[in-house]
Every structure is written in C-alpha cells, then in structure tokens.
Amino acid sequence: MKQNARLTNTYVRELESRSSYYEVFDSDQPGFCVRVQPTGTKTFYVWYTLPTGKRRPFRIGSPKAITCEEARKAAKKHWASATRGEDPQEAKLRNQEHTLESFLKVYAERATHKTAENTVTRVKRNFAGLLNKPLSEIKPMWVDSWKRSRKDAGLAESSINREIAALRGVLTRAVDWEFLESHPLKRVKQFKLDSSGRPRYLEEEELKRLHKAMEIREEELRVKRDSHNDWLRDRGEPLRPDLRTVPFVDFLKPMTLLALNTGLRRGELFELRWVDCALDGKAPRITVHGSTAKSGKTRHIPLNGTALDTLKKWKSQRGDSDLVFPSPISGGRFDNIRKSWKALTDKAKLESFRFHDCRHHFASMLVQKGVDLNVVRELLGHANLTMTLRYAYLSPDNTANAVALLDVSSSVIELQNTKSNSA
C-alpha cells in the first residue's frame, strides 16, 4: 500500500521492516520515497515518468550515506530532468567511467541488431587485453599492435578485419550513445583485400561426392537404428521410430539440398518457418522476411523441382513444428551445425567447403547458366550489385564476347581503308 509522510532523518530511521518491501513517499517532493526491504535495508529513490508514459525508479542512495534533505534535493533535480524529457538513468550511465567490459553489458542490452550477442562474444574473445581498460584509454596503437601479432600468428587478413570491425562497431555505439566523445579507432586501417576474390563452389565431381556422402550417411544411420531396434526388441523394450519409413534420417540432407538450390543463408534456414513456404499452386516459393534477412529486406525465392520435393517430403516427416528445421535437442531454433557439417564434408573429401559456400554454389551455377547478375542479386538478397559482381567472371562468353567486339571494329576500319585506297 502506498504511504505518504514528511520524510525526515528520524522518521526514516524509525521505519520498521515487514514481510515484503514497501515504500513511503514524501509529502513535499513528488516521486521522492524511501524503500524498506524485509531485511531492514533502506534506500532513497525518486520515481519519474518518461515522455512515453513509462514510470521508472532512480536510486539516490542509503540513509546511512546521505541525509534525508540531501536526498530530497537530489530527487528534485532528477525529477526536473525527467520533466524536461531527460532520463536520469541515461545521464547516470553516460557519466560513469566505463571499461570496455562494462560497456559490452550496456551494448548487449541496447543493441537491436540480430548479431549483437555474437559481436560481444567476438570482442571478449579477441580483445581480452582491453576489457579492463576505460573506453577513453583505448588507443589505436594497441589495436595496430594486435593486428601485427595476429598476422604473424598466421591469421588471415580477412579474419583480422572482421574482428576489428566487431570492436569498431561496439565503439561506434559508444560514440552514438555519448559514452565517448570521439571514436578511438577512426585512424586504425583495415587490411586491403581483393573484394573480387573468387567464391568457392563445387565442381561437378565434388557435387557428386557430396550427394553420395549424404546417401552413405543416411544409410549408416538407418543401419544403426535397425541394430538398436533389434537390441530393444530382444529385451521387450519400446522401439525407436523406424528410419526406413521416412524420407530423411534427420535435418542435414534436406537442409543441405535446400541451401544448394535456394542460396539461403544458414541463419535464414534456421529461422525459416512453414508459414513462409508456399508449396502449392503454380508459383511455389520461399519468403525470407526482412526481420531475419541480413540485408533487412524481404525477398521471395522460387522453388525448383529439387527444393520443392525436398520441402514437401520433409514437411510430411517434420511438419509438427512451426520451424522448418527445429533443433532435435531443444525443438527451438538451431544454434549451429558445425559438427555434423564437418563430418559430412570430410566424408565427401571436400576441401575448404563451408556450409555458407552452398550459397556461393547456388549463385555460381546460376551465373554459369547465363542468368543476369541483377536477378542473381535479387535471389541472394544483396543490398547492391557490388557483392554479386564476384560471380561475374563465371558468366559464359561474357568477357570473350566483349573483347570480340574489337575484332568487328578492326574489320570496319580495314574495309574503310581498302575503299579509300581503291579510290
């Protein structure tokens, strides 16, 4: 129950604890109160209202450290700030001297993009030496030294760039949110890379090995299940589901086939839901919503025969979840498939072929069959054509036809010179 009284040092000191905490509000200063915990601990607070209408408490301090009158003055100050539209909590947070580690906690709570958690993990893993440093003391020299040490250790320049980009992104937010006045890494340069590097895709023989490896893996798991059921049957125990009665033994084969035939990113496959799969009608397709796409833009991907057949069979087997590929462990979203993917590519004897390269394979095959680069861009969901241009060299006869135009020009010039000489 809300109580009101004129808060004084004596009054606050004599307040007794109860079975649950309670607050006594000051009769003079709006929002100012003292909170009494069941343990007897007392704390001064001021409650204020944000422009959004949300009410928040701001901790002022303990009666052991601050007098009632001092707390009332502080409450009046914070209350006035809130009436001007300023959040006292925000001001307090900005005025603290944050280390990189403490700011990462703020970043994790406030950042809205999907990769925030991954960014925090990467920064902690790669820049452990900076975690205890105040943000204002992070210097370009230290990061440049880190770059050299990582390169000397054999880390690829592209990987080094990605790690620095993660730290740079965190510190950019620190500037945006006014925890820093200027960006400490603005003079740190990344390694210059060949942005037109050739993407990894499967040659025909490699693709055959991958398909064969998937079939072998499926049969091995079916044999293992048969053997286990025989063991259970001999002991009168309930049998596990018969894997020979279903199209797939688990998620890996249908997920791989879909990646190779749609170009979906791994995260997009993890987030894919049946409601976004139109499997009937004249134009079967998958819809990738902007909320789960890296570009933030919604796109529609037509399904070819292989992708459509795969999804229909998989739905008949695992259509009990709203996710197309629910985790077999939690039933929720997948975390990763690194272990099963590595085992599959090892079985197929594929060198340096990541799951993400299924997306490169999809795009490469389209370009090699003469599909316009802008169409490929739309299917991949690239924000602009720059990323898609990596596949341009695969276009059949594209550059050869362009250079051949010079032969036509030369022939015209020779013909003109012949006519001129004849005259």
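Everything discussed here concerns the structure shown above.
Residue numbers restart at each chain and count upward from 1, following the sequence in its written direction. Per-residue local features are limited, in this predicted model, to residues with pLDDT of at least 70; the limit for side-chain atom pairs, both in listing and counting, is 80 or more; totals at the level of whole chains, interfaces and linings are taken over all residues. Computation of side-chain values covers all heavy atoms of the structure but excludes hydrogens and water.

(A) Highlighting the overall build of the chain. A run of H or I in DSSP counts as a helix once it spans at least four residues, and a run of E counts as a strand once it spans at least two, with each numbered from the N terminus. Counting secondary structure elements, the chain contains 16 helices and 8 strands. For the area figures, the Shrake-Rupley method with a 1.4 Å probe applies, and any residue is considered shielded solely by the protein chains shown. Per element, the accessible surface of the chain, about 25,200 Å² overall, is 50% carbon and sulfur.

(B) Region of interest: the pattern of salt bridges. Any carboxyl oxygen of Asp or Glu within 4 Å of a side-chain nitrogen of Lys or Arg constitutes a salt bridge here. Enumeration over the complete set of coordinates arrives at 24 salt bridges. Among the ionic pairs, Lys208 bridges to Glu204, the shortest N-O distance being 3.8 Å. In this pair, Lys208 and Glu204 are both assigned in helix α8 (residues 204-234), 4 residues apart and thus about one turn of the helix distant. For the pair shown, Lys208 and Glu204 are each scored as exposed. The residue Arg299 makes a salt bridge to Glu268 at a minimum N-O spacing of 2.9 Å. On the criterion of sequence distance, the pair formed by Arg299 in strand β8 (residues 299-302) and Glu268 in helix α10 (residues 266-271) is long-range, its members being 31 residues apart. With respect to burial, Arg299 and Glu268 carry one shared label: buried. Under the scheme applied here, a residue whose accessible area is under 20% of the maximum for its type counts as buried, over 50% as exposed, and between as partly exposed, the area being computed with a 1.4 Å probe on protein chains only.

(C) Looking closely at the sheet that holds strand β7 (residues 285-288). Strand order in this open sheet of 3 strands is β6-β7-β8, and the pairing throughout is antiparallel. Looking along the sheet, the strands with just one partner apiece sit at the ends: β6 (277-278) and β8. Strand pairing follows a simple DSSP-based rule, namely that at least 2 bridges must link the two strands.

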